[in-house]
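# Observations on the model geometry
Chain by chain, the residues:
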Amino acid sequence: MQRQMTGARMVVQALKDQGVEVVFGYPGGAVLPIYDEIFQQNDIRHILVRHEQGAVHMAEGYARSTGKPGVVLVTSGPGATNAVTGLTDALMDSIPLVVLTGQVPTFMIGTDGFQEADTVGITRPCTKHNWLVKDTDKLAETLHQAFHIAMAGRPGPVLIDIPKDVQFATGTYAGPKQARVSHYQPKVKGDIDAITKLVELIEQAERPVFYTGGGVINSGPGASQLLRELADGTGFPVTSTLMGLGAYPASGKGWLGMLGMHGLYEANLAMHGCDLMINLGARFDDRITGRIADFSPRSIKAHVDIDPSSINKVVRVDLPIVGDIGHVLEDLLKVWKARGRKVNKDGLAKWWGQIEQWKLKKCLAYKGSTTTIKPQFALERLEALTKGQDRYITTEVGQHQMWAAQYLGFEAPNRWMTSGGLGTMGYGLPASIGVQIAHPDALVVNVAGEASWLMNMQEMGTAVQFRAPVKQFILNNERLGMVRQWQQLLHGERYSQSWSESLPDFVKLADAFGCKGIRCSDPALLDDAILEMLAYDGPVIFDCMVEKHENCYPMIPSGKAHNEMLMGDAGVEGAIQAGGAVLV
């Protein structure tokens, strides 16, 4: 049944009809009619952020940990432009968001009115799609289309710019079933002939590897279950991008660890030396491939992805399959089982023998200390003391992010929230709040560096106001750690602007925000300090003072190949067995 209502009420009604429970936002003049409607209902919870970038990152954390679209509401002009970083972050990492922005009245558009910006123009490159709605009668359908497009196919952020007069005007509301969405129906079923060809390759391969990405997680929990069944059934090794961690369990028998620039030795050499690479929902990002000309030079490459534009964009593949990972894996398993569950057992046995030799390198080994907390040790202890709990991890961006990916284990999808493609410092704190809002009884820890954390530290006010007991685990080396590492290794130890000075006292800062602050600098006291953080029923800022000049290894220098890794002090002995030399 069609109903007459104001545009502002349409927005709230559409959110209800789409099952939205939480909106992250910040009010302003151009969205006050919508905020007035929010005030007059109790079905949708509004989380008041401290900065619009924080709102988008919170919605990203919410979306990544639930599989549902995150919803953001901000005002025109600076409200919209402050959201741009989060939109770009979500686009690169395929996070479904619906961002609603206010706009000056339609008759003022183009006059440089107060708080006017060309939001649609500005956000066109950093959204999956966007709209400027000038007719209230078209608003409801646009809202429903936005949710469909955000979630269908490769997920991503969409934006609707709503002028203030459209919010005040009355129009006809159309429900979700009345909205036209047939024009965007991405292909989800893979070509069965191509899938059968992949099964034939699986049966013959001597040195196969599953290269998994965030697309497995975006496909839903069923895809991760199918991946585990296929990997364990074939006995093939599994590696993952940063965004794909948790799609295959870290305790699984086929797990090699993360690959890429700071990936594990055995994972990178398996990718370099394999004869069959099965890419499931990854996009051959430059952090993964290293030098393209020498990327896995002797392998047959299959690529399964729901986004046709991702296939052959960076690396030419031998077997492209366009489709949803879950659907493709389901058909792949059926065909493989029907053909007798065959694999090359002799080849696999030799391949695993080689992988076990690579694992003996113990690439994550580091020199311990009894006087200084090594960052690796801090994360080992965090892992040991939280393993098995209902735990979600977010991160900021930098060395701590890579150490978290290396030393923390993820047994299930949607438990790891990090900024992969854009590498956004300031992501982790607001993302952790979004995760905590979605999972109020879970343990949510943001692994941070002090420099990244300061970029959106104002959101601790949001955590305190909404009683989100997020734990901020800051590895404080008083440096821009990854910048300093690159300057040491690649720029002649010229440390240009990479030392943080005038840092706040994080314990006093916690007190100022009204939450708990803990500082620890003694490795012997670290366990007790972490347990204190975990036991506290509220937000915590944990200032973990770590070794200032520790480097994150292994590392593939930019522009190098997988078999040209820097191994660090503890893993240097011996030569890389895939034909390269250890660089020190």
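Labelled according to an unreviewed UniProt entry, the protein appears under the name Acetolactate synthase, originating from Frigidibacter albus. Among the UniProt annotations of the protein, the heading Sequence similarities (unreviewed entry) holds the following wording: "Belongs to the TPP enzyme family." UniProt, in the comment section headed Catalytic activity (unreviewed entry), describes the protein in these words: "2 pyruvate + H(+) = (2S)-2-acetolactate + CO2".

## Description of the UniProt feature "domain: Thiamine pyrophosphate enzyme TPP-binding" (unreviewed entry) in the protein
Residues annotated by UniProt as "domain: Thiamine pyrophosphate enzyme TPP-binding" (unreviewed entry) correspond here to residues 397-544. Spanning residues 397-544, this segment combines 40% helix with 17% strand, and its end C-alpha atoms are found 17 Å apart.

## Focus on the environment of Leu329
Along the chain, Leu329 falls in helix α14 (residues 325-338). Judged by its relative accessible area of 1%, Leu329 is buried. Sequence separation between Leu329 and Leu230 is 99 residues; the distance between their C-alpha atoms is 7.9 Å. Not counting residues within four places of it along the chain, the set of residues in contact with Leu329 comprises Ala223, Leu226, Leu227, Leu230 and Leu280.

## Overview of helix α22 (residues 506-513)
For α22, every residue scored as buried is listed here: Phe506, Leu509 and Ala510. For α22, the arc enclosing every buried residue in end-on projection is 100°, short of the 170-degree limit, so these residues lie on one face. Within α22, the exposed residues directed more than 90 degrees away from the buried face are Lys508, Asp511 and Ala512. Backbone nitrogen of Val507 and a side-chain oxygen of the N-cap are separated by 3.0 Å at the start of α22; the cap is Asp505. Once α22 finishes, Gly514 follows within two positions and takes phi at roughly 90°, a positive value.

## As for the sheet that holds strand β5 (residues 97-103)
The pairing of strands in a sheet comes from backbone hydrogen bonds and takes either a parallel or an antiparallel form. As summarised here, the arrangement of the 6 strands in space is β3-β2-β4-β5-β7-β6, forming an open sheet in which the pairing is parallel. Only two strands of the sheet have a single partner each, and these edge strands are β3 (45-48) and β6 (129-132). For this sheet the average axis-to-axis angle between neighbouring strands, irrespective of direction, equals 20°. Sheet topology note: the strand β2 (residues 22-25)/β3 ladder contains 4 bridges and is parallel. Opposite Val22, over in β3, you have Arg45 as the bridge partner. The sheet strands contacting helix α5 (residues 84-93) are β5 and β7 (157-163), and the helix crosses β7 at an angle near 145°.

About the thresholds
- Residues numbered from 1 in each chain as written.
- Predicted model: local features only at pLDDT ≥ 70, side-chain atom pairs only at ≥ 80, totals over all residues.
- Heavy atoms only, no water.
- UniProt positions renumbered as here; feature names shortened; annotations may be inferred.
- Helix = DSSP H or I, 4+ residues; strand = E, 2+ residues; numbered from the N terminus.
- Buried < 20%, exposed > 50% of the residue type's maximum accessible area, 1.4 Å probe, protein only.
- Contact = heavy atoms within 4.5 Å.
- Arc of directions from axis to C-beta.
- Polar contact = N/O pair within 3.5 Å; in protein donor to acceptor, adjacent residues only side chain to side chain.
- Pairing = 2+ DSSP bridges.
- Axes fitted to C-alpha atoms, helices over the stretch in contact; angles between N-to-C directions.

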